[in-house]
Amino acid sequence: MIRQPIIAVLGHVDHGKTTLLDKIRGTSIAKQEAGAITQHIGATEVPIEVVKDIAENLIAEYGFQLKIPGLLFMDTPGHEAFTSLRERGGSIADIAILVIDITQQIQPQTVEAINILKAFKTPFVVAANKIDLIQGWNSVEGSFQTNLSNQSEEAKTALDEKIYSLVGGLFEHGFKSERFDRCKDFTKEIPIVPVSALTGEGIPELLVLIAGLSQKFLGKRLELSGKEKAKGTVLEVKEETGLGKTIDVILFEGCLHVRDEIITASIEGTIRTKIRALLKPKPLEEIRDPKKKFSHVNSVCAASGVKVVAPNLDNVLAGAPLLSADIENAEEEIKAAIAKIRIESASIGPIVKADALGSLEAFIKMLESKGIKVRKADIGNVSKRDIMDAIAVKKKDKFLGVIFAFNVDIDEIALQTAKEEDIKIFKGNVIYKLIEEFEEWQQKQKELERIEKLNKLVWPAKARVLKGFIFRNSKPAIVGVRIECGKLKSKSKVFKEGKSLGRVVDIQSEGKSLKEAKKGEEVALSIDKAVVGRNLFEEDIIYTDVPDEHGEELKKENALTTEEEELLEEIKELRRKIKKEGEE
């Protein structure tokens, strides 16, 4: 008995993964996704008869004898934030399609997808998408090879340039590759299939290669003895009219039957329940699409997407493993898997709340990859307790005392407490955008703190007392000056070579008080201990008295210009002289 291969669809955000599957199945799932990025693993069954209908000539040309019952596509999210979902996909996937926008080539998330495929030793085919955007290329639905002969030489050359750029990029990551129709050995070269998810060009070749290569090279992996125990992953928990709570499951090993006992995970722990009904999606329909109907079946075998109806599914966690109750230590296995994801620690880090285990896992991985430890991670709405946890973190690090709320709500009392305590909550339904918002907020907060700190420091400044601009001789002396270098702030202590002059109590220009005066500006200074004619004269050069620790902080923050740094050294030298003379 041969099962259908599970196919993971990976790639960079917006490179066309879901759109490509849409073209195959004729649905419009992509348009329903938050932020145009697939947020949950989906599953699409393509019967082998459909592949044969679409690409009968190609099957004969390549000599494939297709015995597999069909193809099961997992539409795995392509952004780097979803490493955990993709790893779950990668680990149970038999073969993968790596979707690459031929106009953008290899992007950061493409590299990450390649690394995941390497780690799991998963064979893959490259779908070089968006060939319809190549200059001069006339893309039409159907076979790429048939359409190739209708293109101009310029368009063919433009395509080849893009393909060989891709070949070079894949080689840098350790893979030899070639356009599929030029591959001499599929075991040594990754086939690149030029496709257009928009027009459907190249889809026949892609399906034939996936089906043929799966059967040819996966062999025993697809064989089932019929004795395997059921293993799967819960995709989503859904309320269905007339059925109550149901779970959508990808079954990747064994068979499930009506009345079988299964074990999965809930918020409280493990759940043991008995299957009342199994609903299988009709072929070429996506298990997440609420507009489509399902067929009742008595049993279902891997690999398959199935909806399970059973009692006590209310609190099942999306992303949890699902195992046959006949598997030895099944409960312990599930408990261990969940314990790795739900976190309650003493770490100084953010609080993460999400709607599913996969999302939670993704957040944890993404934050940890940035060196940020998570204080608490759990499923469910943001509660007052979460706010209190964030307050505790904020007292130790104000840039990490925050909360992420992915696809969940915030309790009213929690929202009120957050406002009162100034706790920042990042709420949304696209993980990478929440992370970006957090990083932007953190950067802005740090910059505000930096500016606030710099504003408290004495800046190096040098000013010349202007001839004919003595407004008052003493208590305080008021004199006109030109700032020759740096920035002179009000309340700064000032001195001239050999003598302290006290503090600048006010800076004025045209009758208005200023907080500071910059290079080139002419202003009036009020200096409390200066006496014109005794310790201050026209044409004198005066300096700000910069404490050593202020100078070091300014240099550490790279706040000074080269000219200001030189002035700082000059001030330090003058201060040393004053100190030395005082000691003598």
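1. Quick look at the pairing of strand S24 (residues 477–489)
1) Next: Among the 13 residues that make up S24, 10 are buried, leaving the element largely enclosed by the rest of the structure.
2) Next: Sheet topology places strand S23 (residues 461–472) next to S24; seven bridges connect them, and they run antiparallel. If you follow Val465 over to S24, its bridge partner there is Val481.
3) Next: Two successive antiparallel strands, S23 and S24, enclose a turn made up of four residues, where Lys475 displays a positive phi of approximately 50 degrees.
4) Next: Two strands pair when backbone bridges link them, and S24 and strand S29 (residues 522–527) are joined in this way by six bridges, in the antiparallel orientation.

2. Examining the nonpolar core
Soluble globular proteins: nonpolar side chains tend toward being buried together.
1) Next: Residues Leu20, Leu71, Phe73, Ile97 and Val126 are the most contacted members of the largest nonpolar core, which totals 64 residues.
2) Next: Take this core: its biggest share by element is nine residues, from helix H7 (residues 203–218).
3) Next: The contacts of Leu71, once residues within four sequence positions are left out, are Gln4, Pro5, Ile7, Thr44, Glu45, Val46, Val51, Leu207, Ile210 and Ala211.
4) Next: The next biggest cluster of nonpolar side chains, apart from the first, holds 36 residues, and it includes Ala330, Ile379, Phe426 and Ile431.

3. A closer look at helix H13 (residues 548–556)
1) Next: Among all positions of H13, only His550, Gly551, Glu553 and Leu554 are buried. The arc enclosing the buried residues of H13, seen along the axis, measures out at 165 degrees, which places them on a common side. Exposed and facing more than 90 degrees away from the buried side of H13 are Glu549 and Lys556.
2) Next: Positive phi appears at Asn558, one or two residues downstream of H13, with a value of about 55 degrees.

4. Digging into the sheet that holds strand S19 (residues 351–354)
1) Next: Taken in spatial order, the five strands of this open sheet run S18-S20-S19-S21-S22, and their pairing is mixed. Two strands lie at the open edges of the sheet, namely strand S18 (343–344) and strand S22 (425–428), each paired on one side alone.
2) Next: Bridge count for strand S21 (residues 403–406) against S22 is four bridges, and the pairing is parallel. Looking across to S22, one finds that Phe406 is bridged to Gly428.

5. Section: the packing of helix H2 (residues 48–62) against H7
1) Next: Where H2 meets H7, the axes come as close as 8 Å, and the angle between the chain directions of the two elements is 85 degrees. The orientation of H2 with respect to H7, classified from their angle, is roughly perpendicular. Facing Ile48, Val51, Ile54, Ala55, Leu58, Ile59 and Tyr62 of H2, the residues of H7 in contact are Pro204, Glu205, Leu207, Val208 and Ala211.
2) Next: When grouped by side-chain class, the residues that make up the contact of H2 with H7 number 11 nonpolar, no polar and one charged.

6. Examining helix H10 (residues 384–396)
1) Next: Taking 1.5 Å per residue, 13 residues should reach 18 Å; H10 reaches 19 Å between its end C-alpha atoms and fits that length.
2) Next: Among the residues of H10, Asp386, Ile387, Asp389, Ala390, Ile391 and Val393 are the ones counted as buried.
3) Next: Packed against the buried residues of H10 are S19, strand S20 (376–379), S21, helix H11 (412–420) and S22.

7. Comments concerning the confidence of the model for the protein chain
1) Next: A residue-level look at the protein chain finds 89% of positions with pLDDT of 70 or above and a mean pLDDT of 85.
2) Next: Taken together, the stretch residues 27–41 has pLDDT below 50 and engages in 53 contacts with residues farther than four places along the chain or on a different chain.

8. Examining the pattern of salt bridges
1) Next: Under the counting rule described, the total for this entry stands at 39 salt bridges.
2) Next: Of the charged contacts, one joins Arg179 and Asp160 as a salt bridge, the two residues approaching to 3.5 Å between their closest N and O atoms. Placement of the pair is Arg179 in strand S6 (residues 177–179) and Asp160 in helix H6 (residues 153–172), with a sequence separation of 19 residues.
3) Next: Linking Asp389 and Lys376 is a salt bridge whose minimum nitrogen-to-oxygen distance equals 3.5 Å.

9. Focus on the environment of Asp540
1) Next: Along the chain, Asp540 falls in the loop between S29 and strand S30 (541–544).
2) Next: Residues Asp540 and Leu466 lie 74 residues apart in sequence; the distance between their C-alpha atoms is 8.3 Å.
3) Next: In terms of polar contacts, Asp540 uses its side chain to reach the backbone amide nitrogen of Phe537, at 2.8 Å.

10. Considerations on the pairing of strand S25 (residues 493–496)
1) Next: Inspection of the sheet shows S25 paired to strand S26 (residues 499–509) by four bridges, in the antiparallel sense. Bridged to Lys496 within S26 is Lys499.
2) Next: A loop of two residues connects S25 with S26, the two strands running antiparallel in sequence, and Gly498 in this loop sits at a positive phi of about 95 degrees.
3) Next: The pairing of S25 with S30 spans two bridges and is antiparallel. When the sheet's bridge partners are listed, Phe495 is paired in S30 with Tyr543.

11. With respect to the packing of aromatic side chains
1) Next: In total, this model carries 10 aromatic pairs according to the counting rule given.
2) Next: Feature note: the residues Phe404, Phe426, Phe438 and Trp441 constitute an aromatic cluster, connected by ring pairs.
3) Next: Just above the ring of Phe426 sits the side chain of Lys424; from NZ or CZ to the centre is 5.5 Å.
4) Next: Above the ring of Trp459, the side-chain terminus of Lys487 is found at 3.8 Å from the ring centroid.

12. Some thoughts on a positive patch on the surface
1) Next: Positive charge collects at one region of the surface, where Lys491, Lys493, Arg503 and Lys529 lie side by side.
2) Next: In this structure, Lys493 sits in strand S25.
3) Next: Looking at Lys493, the relative accessible area reads 44%, which means it is partly exposed.

13. Things to note about the state of the cysteines
Linking two cysteines covalently via their sulfur atoms produces the bond known as a disulfide.
1) Next: Taken as a whole and judged by the stated rule, the model has one disulfide.
2) Next: The disulfide that involves Cys255 links it to Cys301, with 1.9 Å between the sulfurs. One disulfide, between Cys255 and Cys301, carries an S-S torsion of 105 degrees and so falls in the right-handed class. With a gap of 46 residues between them, Cys255 in strand S10 (residues 255–257) and Cys301 in strand S15 (residues 299–301) connect regions that are remote in the sequence.

14. Topic: the packing of H10 against H11
1) Next: Between H10 and H11, the shortest axis-to-axis distance is 8 Å and the interhelical angle comes to 25 degrees. Classified by the angle their axes make, H10 and H11 are roughly parallel. Residues Lys384, Ile387 and Met388 of H10 pack against Ile413, Ala414, Thr417 and Ala418 of H11.

15. Details of the side chain of Glu178
1) Next: Topologically, Glu178 is positioned in strand S6.
2) Next: Look at Glu178: it is buried, it has no salt bridge, and the nearest opposite charge is Arg182 at 4.1 Å.
3) Next: Leaving out residues up to four positions away in the same chain, Glu178 has contacts with Tyr164, Val167, Cys183, Glu189, Ile190, Pro191 and Ile192.

16. Points about the environment of Pro321
1) Next: On the secondary structure map, Pro321 appears in strand S17 (residues 321–324).
2) Next: The exposure class assigned to Pro321 is partly exposed, which follows from its relative accessible area of 21%.
3) Next: Each C-alpha atom, one on Pro321 and one on Val249, is 9.2 Å from the other, the two residues being 72 residues apart in sequence.

Definitions and cut-offs
- Residues numbered from 1 in each chain as written.
- Predicted model: local features only at pLDDT ≥ 70, side-chain atom pairs only at ≥ 80, totals over all residues.
- Heavy atoms only, no water.
- Buried < 20%, exposed > 50% of the residue type's maximum accessible area, 1.4 Å probe, protein only.
- Helix = DSSP H or I, 4+ residues; strand = E, 2+ residues; numbered from the N terminus.
- Pairing = 2+ DSSP bridges.
- Core = buried A, V, L, I, M, F, W, Y, C linked by side-chain atoms within 4.5 Å.
- Contact = heavy atoms within 4.5 Å.
- Arc of directions from axis to C-beta.
- Axes fitted to C-alpha atoms, helices over the stretch in contact; angles between N-to-C directions.
- Parallel < 35°, antiparallel > 145°, perpendicular 65-115°, else oblique.
- Nonpolar A, V, L, I, M, F, W, Y, C, P; charged D, E, K, R; others polar.
- Expected span 1.5 Å × (residues − 1).
- pLDDT = per-residue confidence, 0-100.
- Salt bridge = Lys/Arg side-chain N within 4 Å of Asp/Glu carboxyl O.
- Polar contact = N/O pair within 3.5 Å; in protein donor to acceptor, adjacent residues only side chain to side chain.
- Phe/Tyr/Trp six-rings, centres within 6.5 Å; stacked < 30°, edge-to-face > 60°.
- Lys NZ or Arg CZ within 6 Å of the ring centre and 35° of its normal.
- Patch = residues over 30% accessible without salt bridge, like charges linked within 9 Å, V, L, I, M, F, W, Y side chains within 5 Å.
- Areas by Shrake-Rupley, 256 points an atom, 1.4 Å probe, with all protein chains shown as cover.
- Lys, Arg positive; Asp, Glu negative; His and termini not counted.
- Charge placed at Lys NZ, Arg CZ, Asp CG, Glu CD.
- Disulfide = S-S within 2.5 Å.

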